[in-house]
Amino acid sequence: MSRTYVITGAASGIGKTTAELLRADGHTVIGVDLAGVEVDGDLSTSEGRRAAAEAATQLAGGTVDAVIACAGLSLPKAITAAVNYFGMTEFLEAMQPALAKSDAPRAALISSLSSVQPVFPPLVDAFLNDDEQAALGIAEELAQNEQTGGLIYASSKQAISRWVHREAVTERWAGAGIPLNAVGPGVVKTPMTADLRATPEGSALIDAVVPMPLGYHQDPESIAKLLIWLTSVDNTHCCGQTIYCDGGAEAVLRGEDVWSWNNDGIAQKFAELYAKLGG
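I will try to describe carefully the structure that is included in this document. Worth saying up front: this structure is predicted, and the values here are computed from it rather than measured.

Some points on the overall build of the chain
So, point 1. The helix and strand tally for the chain stands at 11 helices and seven strands.
So, point 2. For the chain, the C-alpha radius of gyration of 19 Å lies close to 19 Å, the compact-globule estimate for 279 residues.
So, point 3. Dimensions of the chain, computed from the C-alpha atoms along their principal axes, are close to 65 × 45 × 40 Å.
So, point 4. A buried classification covers 49% of the 279 residues belonging to the chain.
So, point 5. Summarising the internal contacts of the chain: among those between residues at least 6 apart in sequence, 75% fall at separations of at least 24.
So, point 6. Accessible area for the chain stands at about 13400 Å²; split by element, carbon and sulfur atoms hold 55% of it.
So, point 7. Put simply, the chain has 18 plus and 33 minus side-chain charges, and the middle of one group is 4 Å from the middle of the other.

Observations regarding the environment of R50
So, point 1. Position of R50 among the secondary structure elements: in helix α2 (residues 46-59).
So, point 2. Here R50 falls in the partly exposed class, since its relative accessible area comes to 45%.
So, point 3. For the pair formed by R50 and K16, sequence separation is 34 residues and the distance between their alpha carbons is 22 Å.

Looking at a nonpolar patch on the surface
So, point 1. On the surface, I266, F270, L273, Y274 and L277 cluster together into a nonpolar patch covering about 560 Å² of accessible area.
So, point 2. Take Y274: it is sitting in helix α11 (residues 263-278).

Some thoughts on the pairing of strand β5 (residues 106-110)
So, point 1. Judged by how many residues are buried, β5 sits mostly within the fold: five of five residues are covered.
So, point 2. Of the two faces of β5, the one carrying R106, A108 and I110 and the one carrying A107 and L109 are both buried.
So, point 3. Note: strand β4 (residues 66-69) against β5, four bridges, orientation parallel. If you follow V67 over to β5, its bridge partner there is A107.
So, point 4. Handedness of the β4-helix α3 (residues 78-100)-β5 crossover: right-handed.
So, point 5. Bridge count between β5 and strand β6 (residues 180-185): four bridges; the pairing is parallel. In the strand pairing of β6, A108 is matched with N181.

Here we look at the packing of α3 against helix α4 (residues 121-128)
So, point 1. Running from N to C, α3 and α4 point in directions that differ by 45 degrees, and their axes come no closer than 10 Å. The orientation of α3 relative to α4 falls into the category oblique. Between α3 and α4 lies a crossing of right-handed hand. Between α3 and α4, the residues in contact are A81, Y85 and F86 and A126, F127 and L128, respectively.
So, point 2. Class assignment for the residues of the contact of α3 with α4 results in six nonpolar, no polar and no charged.

What counts, and at which threshold
- Residue indices follow the written sequence of each chain, beginning from 1 at its first position.
- Restriction of local features to residues with pLDDT of at least 70 applies here, the model being predicted, together with a cutoff of 80 or more for giving and counting side-chain atom pairs; totals for whole chains, interfaces and linings are based on all residues.
- To obtain the side-chain values, all non-hydrogen atoms of the structure were included, while hydrogens and water were left out.
- Numbering of helices and strands runs from the N terminus, with a helix taken as a DSSP run of H or I at least four residues long and a strand as a DSSP run of E at least two residues long.
- Note on method: radius of gyration uses C-alpha positions; expected globular size equals 2.2 Å times residues raised to 0.38.
- Relative accessible area decides the class of each residue, using a 1.4 Å probe on protein chains only: under 20% of the type maximum gives buried, over 50% gives exposed, and in between gives partly exposed.
- We call two residues contacting when some pair of their heavy atoms lies within 4.5 Å.
- The protein chains shown are the only cover counted for residues, whose accessible areas, like all others here, come from Shrake-Rupley with a 1.4 Å probe.
- Residues counted as positive are Lys and Arg, residues counted as negative are Asp and Glu, and His and the chain ends are not counted.
- A single reference atom marks each charge: NZ on Lys, CZ on Arg, CG on Asp, CD on Glu.
- For patches, a residue must show more than 30% relative accessible area and have no salt bridge; joins then use 9 Å for like charges and 5 Å for nonpolar side chains, namely Val, Leu, Ile, Met, Phe, Trp and Tyr.
- When a carboxyl oxygen of Asp or Glu lies within 4 Å of a side-chain nitrogen of Lys or Arg, that pair is called a salt bridge.
- Pairing between two strands requires that DSSP report at least two bridges joining them.
- The handedness of a crossover follows from its direction of travel: if, with the strands pointing away from the viewer, the path from the first strand over the helix to the second runs clockwise, the crossover is right-handed.
- To get an axis, fit a line to the C-alpha atoms, keeping to the stretch in contact for a helix; angles then go from 0 to 180 degrees between the N-to-C directions.
- By definition in this entry, angles of less than 35 degrees are roughly parallel, angles greater than 145 are roughly antiparallel, angles of 65 to 115 are roughly perpendicular, and the rest are oblique.
- In this scheme, a crossing is called left-handed if the near helix is turned counterclockwise away from the far one by less than a right angle; it is called right-handed if the turn is clockwise.
- In this classification, the charged set is Asp, Glu, Lys and Arg, the nonpolar set is Ala, Val, Leu, Ile, Met, Phe, Trp, Tyr, Cys and Pro, and all remaining amino acids, among them Gly, are polar.

Now the structure itself:
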């Protein structure tokens, strides 16, 4: 069954690979990027996001089966905050009405293994409060120091994973029958990582912070195929997850126990549920 997909960042990297695989399978793909695809969209501004969503919706005839948000930057600059978080969340929110018209709507975003690396909490908070002005101001300050500029990227990706976990179960998404999920890649062989992978020093750095015991650096197809499954009709119940397709990096960095930190909170939640049932 042919479906209509809207893919941001479709001109390069994971987005381009995903678009190529979908087109080869007979699906319609509407790409959104700065140039060279169906919609020339600037996701660094609110106006650009809304305009891109409107153009994509019009090209799709008003109904979109799936949105895959791949557009992102890794620069230690404030624009990274604008594109990586608001360029995904605001664009997806603008596409939601077109998705809701589909018989089998789906949405997926690119997060990153960086979401479990060190972040700058005030920036994450600004993202999750949807305060773009505050987020850009904080990012500008971080960008002034090469020691802190890298926190912009990681903070944006942690915020994306938290946004997905928070929003996926709401009426706007799950309530409308739209599975919303994210994928967290490790080191993918794309133009974004090319400079680091090109030198022994760069490779040593990324191998230290993204340890991948299974498979080492990955081709973009490994992420594209997971995104395609998450946005296919076969995914009926995966909801609110960030799936780390990273050669085991997340398991190495976070260790075997990512559950017990919230045992008290879970116990309290169940106590409240049982109290409601009993009373």
